[in-house]
Amino acid sequence: MELIRYGFLLAGILFALGLLGVLVRRNIVFTLMSLEVMLNAAGLAFIVAGARWGQADGQVVFLFILAMAAAEVSVGLALLVRLYHEYKSLDTDGASRMKG
Amino acid sequence: MFDLLWLVPAIPFAGALLLATLGSRMPRKAVAAVGVCTIAASAIVSILIAVAFLAAPPPGGAYTQVLWTWIDVGSFNPRIAFYLDALSLVMMVVVTFVSFLIHLYSAEFMEGDEGYSRFFAYMNLFVASMVTLLLADNLLLLYLGWEGVGLCSYLLIGFWYQDPVNGRAARKAFIVTRAGDTAMAIGLFLIYHSLGTLGIQDLMQRAIAQWGVGSSYAIAAAALLLGGAVGKSAQLPLQTWLPDAMAGPTPTSALIHAATMVTAGVYLIARTHVLFELAPPVQLAVAIVGAATLLLAGCSALTQWDIKRVLAYSTISQIGYMFLALGVGAWSAAIFHFMTHAFFKALLFLSAGIIIEALHHEHNIFHMGGLRRQLPVAFWTFLAGGCALAGLPLITAGYYSKDLILWHAWNSPAGSVVLWAAGVVGVVLTSLYTFRVIFLVFFGDVRTPVSKRPGLPIRIPVWILAILSIIGGYAGPPLLTFLKTALPAALESRAGALTETGSSAVTALAFLTGFGLAWLFFLSKPARATAVAANPVGSVLHRFWFADWGFDWLYDHLFVQPVLWIARVNRGDFVDAFYTGLSRLIEWTWRILRLTENGQLRWYAAGIAVGSVVFVAIVSFL
């Protein structure tokens, strides 16, 4: 019981921190890092849940999340490179030309 | 021989198609040849059919040629079929023959006009529509011809469309007759709804079987058909379009007045006479409309200065006689008067056209004068037509037909002294206004010099028509006998104070009165007419009659102005306000929502986060 309470609490805190990072940081590198934190928070929640019920499913899903995170980072870094190339800065607010 | 019946409408229609598609590329001579020869062919075919009909009448006195089924929906399957009996035969022969003469005349009359081929295309279509109307076996096909005639009259009245006045006159004719046509369409719906057929012969038989005399269905159906007839034949209260229809070229006026269009209403009533016999109040209304119209139009004709408008009012008045005859059940007399009227009215318009052309498009009879020696062709033919119109006793055709109508107005069970007296006063008026025109135009001093003399294609038709206007009356007795196979004979009841000879004598006397008055006022001392028109009562009446008894004023204030007012008020289209409002609302919300699309990545992320929190909250707490 203790495990699941603290585990989920930790996952929640991590997720909230990640979200906060996404919302407040303007540097795209930090935005990507915060996204990673959010993904890992979700993964942690799966691991904790899997451990609580003694099921391997949680760990399987975590592996999926890792793979997806790797893909996401590669796309994100490519975007980052393009962004820097275009604007000579990493500020996401600078790239707001596509407003409606 | 009867197999060729379909050719009578088909040939003019083919001519119209040819001229409409290739006419502008054809040389003028070819256009005239196509335009005139198609109608000539049509007239020849109809005369051949008439000869065959007289030699060996088809069984039952009627021949039906079914071409194909027009529409086939359930029990509603009107055919394209032509029905030939004595009535439609007489109408067809007169219409095609008179139309042929008018076309021949137009070939020279319209020579210098830009729209030569357009003119003949419309004229051919006009004749084709009219013949379709006459020969139609069912009311739907009749309605097709009816509307075709309306369309062609619109096109021809507005033929010189560059002048907005002509376009206005054309629209007026179209809209006013449309009012009558709407009534007629409703009548057709009623007849089909109640009797289950639109075949004219079928529906008349079923009407006798299903509807009693004076039943409300019969009255409604007959009244609605009368509405259509009144509009097309320019009778009270829808007569206002015809005087304005003079905006078209003169041969068009001749065609509209003599052969096609205005007599369609008379034909419709004669064709569906059974319905009117089943509805005595409506039949009485027909007689009253006719009597009132002939008087009103006669008075208006007295005051007009435009020669064509005088003739237009005289047409309204003469159609009034036909309606009077139909109203008292003298069906054949109406058709007889139609025939003589077709001859002399076509003649009058064609000779008026000669005068107008010769005087540089001068329409005002007060600017004409002394044309007796200048234009003898116009004088003699106009005199023949005018005498026939006024009813010169014993000599002219118009006298015989009008006299017959007056006798029936007196003698028939539906007739009365009032109707007869109205007819007699009408004869005085007719004679007065006709000779007013003749005296003013052909006698007195020369006021406008003659610039152009008519050629052969103009002279031949007017002479033929002049001869027919004189001798046409002798065709009366055989014609009436012939028509008995299609139309019931007029009932004779009242052996009153007046004999047939007495009635004829009164008619002759009425003619002489009008002639004498015209002589007094317009020939011996023209100052008298001016004096009458100048005194207070005279001048008020003159203005009132000149403006057609104020009908135009009334309709203008009753219908035209309110519609224009509504159009002005509704310029912003308040009916559409709901949809305009909806689109405004959407545009407005779009402006607000657009603010969220600011391009800021972090705002989007926040949006997603808040949205998912709200969504999860909704799912878990509700």
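Now for a look at the structure at hand. Everything numeric in this text was worked out from a predicted model, so none of it was measured.

1. Examining the overall build of chain B
Piece 1. Of regular secondary structure, chain B possesses 27 helices and two strands.
Piece 2. With the C-alpha coordinates of chain B rotated into their principal frame, the extents come out at 110 × 60 × 55 Å.
Piece 3. Counting every position in chain B, which comprises 622 residues, the buried fraction comes to 56%.
Piece 4. When contacts within chain B are restricted to residue pairs at least 6 apart in sequence, those whose partners lie at least 24 apart make up 81%.
Piece 5. Counting only carbon and sulfur atoms, one obtains 71% of the accessible surface of chain B, whose full area is about 25,600 Å².
Piece 6. Charged side chains in chain B number 34 positive and 28 negative. The centres of these two groups are separated by 7 Å.

2. A short note on the pattern of salt bridges
Residue and element names in this part refer to chain B.
Piece 1. If you walk through the whole model with that rule in mind, you get 13 salt bridges over all chains.
Piece 2. Note that D552 and K172 form a salt bridge whose closest N and O atoms lie 2.8 Å from each other. Separated by 380 residues along the polypeptide, D552 in helix α25 (residues 551-569) and K172 in helix α6 (residues 164-195) bring together distant segments of the chain.

3. Concerning the environment of L198 of chain B
Piece 1. Tracing the sequence through the fold places L198 of chain B in the loop between α6 and α7 (200-210).
Piece 2. When sequence neighbours within four positions are dropped, the list of residues in contact with L198 of chain B reads F76, N138, L139, L140, L188, I191, Y192 and L203 of chain B.

4. Quick word on the packing of helix α19 (residues 417-442) of chain B against helix α22 (residues 500-524) of chain B
Residues and elements named next belong to chain B.
Piece 1. Direction vectors running N to C along α19 and α22 enclose 35 degrees, while the axes themselves pass 7 Å from each other. Seen along the crossing, α19 lies across α22 with a hand that is right-handed.
Piece 2. Class assignment of the residues belonging to the contact of α19 with α22 gives a composition of 17 nonpolar, five polar and one charged.

5. Points about the interface of chain A and chain B
Bring the parts together and some accessible area is lost; that lost area is often taken as the interface size.
Piece 1. Taken together, the contacts link twelve residues of chain A with ten residues of chain B.
Piece 2. Each partner contributes to the roughly 920 Å² buried at the junction of chain A and chain B, and carbon and sulfur atoms together form 57% of this total.
Piece 3. For the interface between chain A and chain B, the tally reads one salt bridge.
Piece 4. With its nearest N and O atoms 2.6 Å apart, the salt bridge here joins R602 of chain B to D93 of chain A.
Piece 5. Inspection of the chain A/chain B interface yields three residue pairs in polar contact (both at pLDDT 80 or more).
Piece 6. Class assignment of the residues belonging to the side of chain A that touches chain B gives a composition of five nonpolar, three polar and four charged.

6. What to know about unusual backbone geometry
The bulk of non-glycine residues show a negative phi, and the bulk of peptide bonds are trans.
Piece 1. Note the cis peptide between L236 of chain B and P237 of chain B, where omega equals 0 degrees.
Piece 2. By secondary structure assignment, the location of P237 of chain B is in the loop between α8 (216-232) and α9 (241-244).
Piece 3. Phi at K88 of chain A is positive, roughly 55 degrees, even though this residue is not glycine.
Piece 4. Relative to the assigned elements, K88 of chain A resides in the segment after α3 (57-87).

7. Focus on the environment of R591 of chain B
Piece 1. Within the element layout of this structure, R591 of chain B appears in helix α26 (residues 577-594).
Piece 2. Between the C-alpha atom of R591 of chain B and that of T293 of chain B, which follows or precedes it by 298 residues, the distance is 66 Å.

About the thresholds
- Residues numbered from 1 in each chain as written.
- Chains lettered and ligands numbered in written order.
- Predicted model: local features only at pLDDT ≥ 70, side-chain atom pairs only at ≥ 80, totals over all residues.
- Heavy atoms only, no water.
- Helix = DSSP H or I, 4+ residues; strand = E, 2+ residues; numbered from the N terminus.
- Buried < 20%, exposed > 50% of the residue type's maximum accessible area, 1.4 Å probe, protein only.
- Contact = heavy atoms within 4.5 Å.
- Areas by Shrake-Rupley, 256 points an atom, 1.4 Å probe, with all protein chains shown as cover.
- Lys, Arg positive; Asp, Glu negative; His and termini not counted.
- Charge placed at Lys NZ, Arg CZ, Asp CG, Glu CD.
- Salt bridge = Lys/Arg side-chain N within 4 Å of Asp/Glu carboxyl O.
- Axes fitted to C-alpha atoms, helices over the stretch in contact; angles between N-to-C directions.
- Left-handed = near helix turned anticlockwise from the far one by under 90°.
- Nonpolar A, V, L, I, M, F, W, Y, C, P; charged D, E, K, R; others polar.
- Buried area = accessible area lost by both parts, 1.4 Å probe.
- Polar contact = N/O pair within 3.5 Å; in protein donor to acceptor, adjacent residues only side chain to side chain.

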